[in-house]
Amino acid sequence: MSTPTDHGRPGSASEAAPPVQNAPSPSHAERCRTLAQRARSATLCTLARDPAGYPYGSLVTVAVDAHGRPLLLLSALAEHTGNLKVRPEASLLVAEPAEGRTDPLALGRMTLIGPCRPLDGAEAAAARTTFLAVHPRASYYVDFTDFSFYRLDPVSIRYVGGFGRMSWVEADAYAAAEPDPLAADAARILEHMNTDHADAVLAYAKALAGIKDATGATMTSVDRYGFELDVITPAGPKAARLAFDAPVSTSDEVRKAMVALVREARGRSA
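Because the structure is predicted, anything quoted here is derived from the model rather than measured.

Caption draft 1: A look at the overall build of the protein chain. Looking only at helices and strands, the protein chain has seven helices and twelve strands in total. For the protein chain, with 270 residues in total, the buried portion stands at 43%. Residue pairs at least 24 apart in sequence account for 61% of intrachain contacts in the protein chain once pairs closer than 6 positions are excluded. A total accessible area of about 14,000 Å² is found for the protein chain, and carbon and sulfur atoms account for 55% of it.

Caption draft 2: Looking closely at the nonpolar core. Counting 31 residues, the largest nonpolar core has Tyr-204, Met-219, Val-222, Phe-227, Leu-229, Phe-244 and Met-258 as the members making the most contacts within it. Elements with a contribution of two residues or more to this core: α5 (186-196), α6 (198-208), β10 (216-222), β11 (226-233), β12 (236-243) and α7 (251-269). When residues in this core are grouped by element, the largest group, seven residues, is from α6. Not counting the four nearest positions on each side in its chain, Val-222 is found in contact with Leu-182, Ala-186, Ile-189, Leu-190, Phe-227, Phe-244 and Met-258. Of all hydrophobic cores here, the second largest spans 26 residues; its members include Leu-112, Cys-116, Tyr-174 and Ala-177.

Caption draft 3: Structural view of the packing of aromatic side chains. Throughout the structure, instances matching the rule amount to six aromatic pairs. A centroid spacing of 5.9 Å and a plane angle of 50° characterise the contact between Phe-227 and Phe-244, whose relative ring orientation is tilted. In this pair, Phe-227 sits in strand β11 while Phe-244 sits in the loop between β12 and α7, placing the two residues 17 residues apart along the sequence. Per residue, the accessibility class of Phe-227 equals that of Phe-244, and both read buried. Members of the aromatic cluster, connected to one another through ring pairs, are Tyr-140, Tyr-141, Phe-144 and Phe-147. Over the aromatic face of Tyr-174 sits the side chain of Arg-33, whose NZ or CZ is 5.5 Å from the ring centroid.

Caption draft 4: Examining the environment of Arg-128 more closely. Within the fold, Arg-128 resides in helix α3 (residues 121-134). Each C-alpha atom of the pair Arg-128 and Leu-71 lies 8.9 Å from the other, and the pair is 57 residues apart in sequence. With sequence-adjacent residues up to four places away left out, Arg-128 is seen in contact with Val-142, Asp-143 and Phe-149. Of note is the side chain of Arg-128, whose polar atom sits 2.8 Å from the side chain of Asp-143.

Reading guide: rules and limits
- For every chain, the first residue of the written sequence is number 1, and numbering continues from 1 onward in sequence order.
- Predicted model: local features are reported for residues with pLDDT of at least 70 only, side-chain atom pairs are reported and counted for 80 or more only, and whole-chain, interface and lining totals are derived from all residues.
- Each side-chain value is worked out from all heavy atoms of the structure, with water and hydrogens disregarded.
- Think of it this way: any DSSP run of H or I at least four residues long counts as a helix, any run of E at least two long counts as a strand, and we number them from the N terminus.
- Think of it in three bands: residues with accessible area under 20% of the maximum for their type are buried, residues over 50% are exposed, and the middle band is partly exposed, with areas taken using a 1.4 Å probe on protein chains only.
- We call two residues in contact whenever any of their non-hydrogen atoms come within 4.5 Å of each other.
- Only the protein chains shown count as cover for residues, with accessible areas throughout obtained via the Shrake-Rupley method and a probe of 1.4 Å.
- For our purposes a nonpolar core is just a set of buried Ala, Val, Leu, Ile, Met, Phe, Trp, Tyr and Cys residues, chained together by side-chain atoms within 4.5 Å.
- Pairing of aromatic rings covers Phe, Tyr and the six-membered ring of Trp, with a centre-to-centre limit of 6.5 Å; geometry is then stacked below 30 degrees between planes, edge-to-face above 60, and tilted otherwise.
- Lysine and arginine charges are scored as sitting over a ring when NZ or CZ, respectively, is within 6 Å of the ring centre and within 35 degrees of the ring normal.
- Definition of a polar contact: a pair of N or O atoms within 3.5 Å, with one able to donate and the other able to accept a hydrogen when the atoms are protein atoms, and with sequence-neighbouring residues admitted only if both atoms are side-chain atoms.

Here it is, written out as structure tokens:
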């Protein structure tokens, strides 16, 4: 796998992609929106007042609005809140849940960069509804007088999707993208396929990805457009991506698409 050191800004020719088949896949903006939609906590970085100018990182709970903008419920007593009152410049690191995977650097993550300012009036009321839908336990303290809602408005996003998949994502592209509809069910789908249908996953690798010498395969991700495989061969590991015939949006649609691909794979192997 190549390991370029300069991945550039959007549109740069130096941006890299993982070694997968030429199959439709989510854009980096879509992947970022999916990360945001699933996020329940994140690392907020503000500019410290003392010692002045240093990045100050802290754990916060988070929800996002319809445009993917992070909503934070912050206490006036918190150090990061005091920092934001002086300098609104901030960033928020959001990481993909580990869900049993042991290498944190293989997980997707993004850093949203932009001003983080308090909300009031109708915007604060809307943020309250959105935030409590994700964090119902916050109802205990949401109306304490020292708590306020803040929103980070992204001006740029840095996405890293694991090894060899990274880029800068434009704020407009991020706001316009849609979260993947399978995100909430993806872990269960992967466990089911890898545990109960390992023979089918290997057939995908051999017959559909064209890796004839595959001795094992693991489905590592699934989304509306298709799925990715880690494949074991005598020459070493390989990666592949396979597409569904059409985008899917539900677990039942995934099941039907997987069954159709199994039939195709076994038909090619017959």
